[in-house]
Amino acid sequence: MTDDESLGFATRAIHAGQEPDAATGAVVPPIYQVSTYKQDGVGRLRGGWEYSRSGNPTRAALEAALAAVEGGAAAFAFASGLAAEDTLLRAALRPGDHMVIGNDVYGGTYRLVARVLGPWGVEHTAVDLTDPHQLVDAIRPGQTKVVWVETPSNPLLSVVDIAAVAAHARAAGALLVVDNTFASPALQNPLALGADVVVHSTTKYVGGHSDLVGGAVVVADGAQLPAGLEGPTGTTSVRDAVAFHQNASGAVAGPFDAWLALRGLKTLDVRMQRHCANAQRVAEFLAGHPAVTAVHYPGLPDNPGHELAARQMRGFGGMVSFRVGSAETAVALCGATEIFTLAESLGGVESLVEHPARMTHGSVAGTALEVPDDLVRLSVGLEDPDDLVRDLDRALAAATR
Ligand SMILES: *Cc1c(COP(=O)(O)O)cnc(C)c1O
């Protein structure tokens, strides 16, 4: 009953894959902190559990829950978001293949594609995916096997039309992957819009408390590998290929991190409502401040992605970025806040501030993904919104003095 698709998001987030423990009735899946399982005779496994790289009940509970909240056929939990991405891309691509990625994707994603997969023979083109013409021009017929979308994107919060990109990817025989980390499954479900695969850094909103590093791949029902590719188990199913690679490469989520991610997922719905409300308040404050030259937040009515986001998402999210005219002011501002903590990462209960050009996006300096050096990025947390606005007001005054 708990993966019934007629159930609402919050109900699935709390119950899917969370049957009370069969042995004890514990209402929360226990942390199975174990590497191996006793066999009742050679090859006679109890419940199929053999070795914790191949499968672990705590991880399996998280995977069932993530599949349910994204509307996927299966989910796979990894040690980090990048481990999830790496495993997926090596399952879906071969040397000589080409991928198209958004030109403001997460810096670590770009580094993986350009500097790890590149030397193994995977080519890429980074384009502005908010412009369908750029996507069409970048697709190389017969060679483009993956289209990679991040929406809203990081750090500029631009919004890509998932359904429109899906149509182009499908026509090209390429797999459409959406990094749904910024929206979280509470606000956006790309598989329902035509994506084949969703990836998450569960480090961020899913975990939600800045206390774990984790990632996930969620696969749509029936998703097929790019045209012409047969997976290692002899099928063309993405699900089979990722399952094989998860075990064969082994970058799995450990039981405790899986348990923390599950715990976070149960409150994701209410947390995202507050993240959205606080971010809207902060974005409106910044838009009216004389020292701020631009605010990037899809919840602002004059944002170019506003209408699309209103259609495609169930809220505008908790991330806001803005420009302050110079790198010096941006750096000073990042050092002047008291409630917003200067740190990388995002999606936790506490508000964070950072300078993308020198922090999260340092690895893309000098590439097509370079970000403006006067940009400041906020992860708006769950504190009282009046306190957040006061903190920014004070810090802007100090930084522009
Ligand atoms: C953080 C992040 C990742 C990478 O995840 P890790 O858990 O840090 O490996 C990927 N995509 C986005 C959008 C992110 O914010």
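Rules used in this analysis
- Residues numbered from 1 in each chain as written.
- Predicted model: local features only at pLDDT ≥ 70, side-chain atom pairs only at ≥ 80, totals over all residues.
- Heavy atoms only, no water.
- Pairing = 2+ DSSP bridges.
- Helix = DSSP H or I, 4+ residues; strand = E, 2+ residues; numbered from the N terminus.
- Axes fitted to C-alpha atoms, helices over the stretch in contact; angles between N-to-C directions.
- Contact = heavy atoms within 4.5 Å.
- Core = buried A, V, L, I, M, F, W, Y, C linked by side-chain atoms within 4.5 Å.
- Buried < 20%, exposed > 50% of the residue type's maximum accessible area, 1.4 Å probe, protein only.
- Domains from an automatic or database assignment.
- Buried area = accessible area lost by both parts, 1.4 Å probe.
- Salt bridge = Lys/Arg side-chain N within 4 Å of Asp/Glu carboxyl O.
- Polar contact = N/O pair within 3.5 Å; in protein donor to acceptor, adjacent residues only side chain to side chain.
- Nonpolar A, V, L, I, M, F, W, Y, C, P; charged D, E, K, R; others polar.
- Near = heavy atom within 4 Å.
- Areas by Shrake-Rupley, 256 points an atom, 1.4 Å probe, with all protein chains shown as cover.
- Phe/Tyr/Trp six-rings, centres within 6.5 Å; stacked < 30°, edge-to-face > 60°.

In space, the seven strands of this open sheet follow the order 1-7-6-5-4-2-3, with mixed pairing throughout. The open sheet has two edge strands, strand 1 (74–78) and strand 3 (123–127), and neither has a second partner. For this sheet the average axis-to-axis angle between neighbouring strands, irrespective of direction, equals 20°. With five bridges joining them, strand 1 and strand 7 (residues 215–219) adopt antiparallel strand pairing. Across the sheet, the residue bridging to Ala75 is Val218, located in strand 7. Contacts between helix 4 (residues 107–117) and the sheet are confined to strand 2 (98–102), strand 3, strand 4 (144–150) and strand 5 (175–179), with strand 3 contributing the most and set at about 145° to the helix. Running at roughly 25° to strand 1, helix 7 (residues 238–249) makes contact with strand 1, strand 5, strand 6 (197–201) and strand 7 of the sheet.

Taken as a class, soluble globular proteins show a tendency for nonpolar side chains to be buried jointly. Residues Leu89, Met99, Val146, Trp148, Leu176 and Val217 are the most contacted members of the largest nonpolar core, which totals 90 residues. Each of domain 1 (9–265) and domain 2 (269–399) gives at least three residues to this core. Once you skip the residues sitting within four places of it in the chain, Val146 turns out to touch Leu89, Ala92, Leu93, His98, Met99, Val100, Ala174, Leu175 and Val177. Counting residues in each nonpolar core, the second largest holds 27 residues, with Ala279, Ala291, Val320 and Leu396 among its members.

Assigned domains within the chain: domain 1 (9–265) and domain 2 (269–399). At the junction of the two partners, domain 1 supplies 42 residues and domain 2 supplies 38 residues. Carbon and sulfur atoms supply 62% of the area that domain 1 and domain 2 bury against each other, a total of about 3,100 Å² over both sides. On the surface where domain 1 and domain 2 come into contact, there are zero salt bridges. Between domain 1 and domain 2 we count 14 residue pairs in polar contact (both at pLDDT 80 or more) in total. When residues in the side of domain 1 that touches domain 2 are grouped by element, the largest group, four residues, is from helix 4. Looking at the side of domain 1 that touches domain 2 residue by residue, the classes come out as 23 nonpolar, 15 polar and four charged.

Attention now goes to the site of the ligand. Looking at the ligand, there are 14 residues lining it, with Gly81, Asp179, Ser201, Thr203 and Lys204 nearest. The contact in question runs from an oxygen atom of the ligand to an N or O atom on the backbone of Gly81, over 2.9 Å. Taking Lys204, its side chain carries an N or O atom lying 2.7 Å from an oxygen atom of the ligand. Starting from 380 Å² of accessible surface for the ligand in isolation, the protein chains cover 92%. Here the shell around the ligand takes three residues from helix 3 (residues 81–92), the largest share from any one element. Split into classes, the residues belonging to the shell around the ligand amount to four nonpolar, six polar and four charged.

In this structure the tally under the stated criterion is two aromatic pairs. Considering the side-chain rings of Tyr37 and Trp49, the 6.3 Å spacing of their centres and the 35° angle between planes classify their relative orientation as tilted. Of this pair, Tyr37 sits in the loop between helix 1 (9–15) and helix 2 (57–70) while Trp49 sits in the loop between helix 1 and helix 2; the two residues are 12 residues apart in sequence, bridging distant segments of the chain. Under the relative-accessibility criterion, Trp49 is labelled partly exposed at 28%.

Our focus in this paragraph is the sheet that holds strand 8 (residues 294–296). A sheet is described by the order of its strands in space; here five strands give the open sequence 8-9-12-11-10, paired in mixed fashion. Strand pairing shows two members of the sheet lacking a second neighbour, strand 8 and strand 10 (341–342), which therefore form its edges. Note that strand 8 and strand 9 (residues 319–323) share three bridges and pair antiparallel. Looking at the pairing, Val295 lines up with Phe322 of strand 9. Contacts from helix 9 (residues 268–287) reach strand 8, strand 9 and strand 12 (375–379), with the element oriented near 10° to strand 9.

Looking along the chain, the bond that leaves Thr151 and enters Pro152 is cis, with omega of -10°. Along the chain, Pro152 turns up in the loop between strand 4 and helix 6 (162–172). Along the chain, Asn154 connects to Pro155 via a cis peptide bond; the corresponding omega equals 10°. In this structure, Ser184 takes a positive phi of about 75° despite not being glycine. By the element assignment, Ser184 lies in the loop between strand 5 and strand 6. One non-glycine residue, Ser210, lies in positive phi territory at about 55°. Among the secondary structure elements, Ser210 is positioned in the loop between strand 6 and strand 7.

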